[in-house]
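Secondary and tertiary structure notes
Next come the chains, spelled out residue by residue.
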Amino acid sequence: MLLIAGCGTVERSPVPDASTPVGPLDLERPVGRATGRQLLALKNDPDRCRATLAASRLQVRALENRRNGAFCHYSDVVQILRSTVPYSGPVHLTCPMAAALYLWERDIVAPAAVKYLSSRLVRIDHMGTYSCRRRQGGSSNRPSEHATANAIDVSGFRLEDGRRVTVLGDWSQGTTAERAFLREIRDRACGLFQVVLSPDYNAAHRDHFHLDMGDWGVCR
Ligand SMILES: [Zn+2]
């Protein structure tokens, strides 16, 4: 059973219900009820994922597979060259992550900026994608999803009117509208990504949203 409605402290199964057929994902169609399961299906089907990106308006460049030490490696990773909005730095992500991010920025973040902040989203700031490290930076923890380019840490949003809304500055201290904006895009990210960690999760996430397509299934 996949629960994608609210965010809260819901723990979700990482495995889609096998009895429910999942049709192919068209990234140019709006996010719908099946989108989360369609994205999940791309995880084990690199050819289908590549074709899904190729059929969309998202412009990417395939990166060479990479291995770096015992647990840091990636395959089927793309660099986003052009999306609906620019990012503050290079975005290197697994194919399913790139697909989910594209839908999140276009169908969730950009409309929420207009709805709550009455301005257009013009840039997304992030703190990194691929990074060879373990979870929470510990020396014996499981490898982070960042170690396989399967995660991004999003820290803020630039608006056309010049405003910048940040997780660090506005999650608790922002205006009512800014706080509502950040919560809506966090909550709705949970329908696309496998793991969404915000300041509600722990202090290590006070300044960013961690989004990944791993197997954990947490939304908080
Ligand atoms: Zn992260």
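Residues numbered from 1 in each chain as written. Predicted model: local features only at pLDDT ≥ 70, side-chain atom pairs only at ≥ 80, totals over all residues. Heavy atoms only, no water.

As for unusual backbone geometry
Rule in force here: Strands here are runs of E lasting at least two residues and helices are runs of H or I lasting at least four, both read from the DSSP assignment and numbered beginning at the N terminus. Here's how the labels work: a residue is buried when its accessible area is under 20% of the maximum for its type, exposed when over 50%, partly exposed in between, all with a 1.4 Å probe on protein chains only.
Within the chain, Asp 76 stands out as a residue other than glycine whose phi angle is a positive 55 degrees. Tracing the backbone through its elements, the reader meets Asp 76 in the loop between β3 (72-74) and β4 (77-82). Judged by its relative accessible area of 29%, Asp 76 is partly exposed. The phi dihedral of Ala 149 is positive, around 60 degrees, even though this residue is not glycine. Considering the arrangement of structural elements, one finds Ala 149 in the loop between β6 (121-128) and β7 (151-159).

Some thoughts on the state of the cysteines
Linking two cysteines covalently through their sulfur atoms gives a disulfide. Under the convention used in this document: Cysteine sulfur pairs qualify as disulfides if the two atoms are within 2.5 Å.
Inspection of every chain in the model, using the stated rule, returns 3 disulfides. With a sulfur-sulfur separation of 2.0 Å, Cys 49 is cross-linked through a disulfide to Cys 95. Measuring handedness by torsion sign, the sulfur bridge of Cys 49 and Cys 95 sits at about -105 degrees and is left-handed. On the criterion of sequence distance, the pair formed by Cys 49 in helix α2 (residues 46-54) and Cys 95 in helix α3 (residues 95-117) is long-range, its members being 46 residues apart. Considered together, Cys 49 and Cys 95 belong to a single accessibility category, that of buried residues. Here Cys 72 engages in a disulfide with Cys 132; their sulfurs sit 1.9 Å apart. Linking Cys 72 and Cys 132, the disulfide has an S-S dihedral of approximately 90 degrees and is accordingly described as right-handed. Linking Cys 72 in strand β3 with Cys 132 in the loop between β6 and β7, this pair joins segments that are 60 residues apart in sequence. The class for Cys 72 is buried, based on a relative accessible area of 0%. With a relative accessible area of 39%, Cys 132 lands in the partly exposed category.

Some words on the coordination of the zinc ion
To keep it simple, the criterion reads: A donor here means any N, O or S atom no more than 2.8 Å from the metal (3.2 Å for Na, K and Ca); water is not included, so a site may seem to lack partners.
Taken together, the protein donors to the zinc ion comprise His 146 (NE2), Asp 153 (OD) and His 210 (ND1), at separations of 2.0 Å. Considered as a linear motif, the donors of the zinc ion on their single chain read H-x6-D-x56-H. You can see His 146 sitting in the loop between β6 and β7 and its partner His 210 sitting in strand β10 (residues 209-212), a full 64 residues away along the chain.

Things to note about the pairing of β7
As a reminder of what qualifies: At least two bridges found by DSSP between two strands is the condition for calling them paired.
Burial analysis of β7 places 8 of its 9 residues in the buried class, which makes it a mostly covered element. Sheet topology places β6 next to β7; 6 bridges connect them, and they run antiparallel. Bridge pairing in β7 links Ile 124 to Phe 157. Where β7 and β10 come together, 4 bridges link them in antiparallel fashion. If you follow Asp 153 over to β10, its bridge partner there is His 210. Bridge analysis of β7 against strand β8 (residues 164-166) gives 3 bridges, and the strand direction is antiparallel. Across the sheet, the residue bridging to Phe 157 is Val 165, located in β8. Between the antiparallel neighbours β7 and β8 lie 4 residues, among them Gly 162 with a positive phi of about 100 degrees.

A short note on the packing of aromatic side chains
So the rule is basically this: Note on aromatic pairs: the rings of Phe, Tyr and Trp (six-membered ring only in Trp) are paired at centre separations within 6.5 Å, and the planes decide the class, stacked below 30 degrees, edge-to-face beyond 60, tilted for the rest.
The tally for this structure, following the rule as stated, stands at 6 aromatic pairs. Relative to Phe 193, the ring of Trp 104 lies with its centre 6.2 Å away and its plane at 80 degrees, an arrangement referred to as edge-to-face. In this pair, Trp 104 sits in helix α3 while Phe 193 sits in the loop between α5 (176-189) and β9 (195-197), placing the two residues 89 residues apart along the sequence. On the basis of relative accessible area, Trp 104 is assigned to the buried category, the value being 0%. Given the relative accessible area of 0%, Phe 193 is considered buried.

Function cannot be read off these values alone, since they describe shape.
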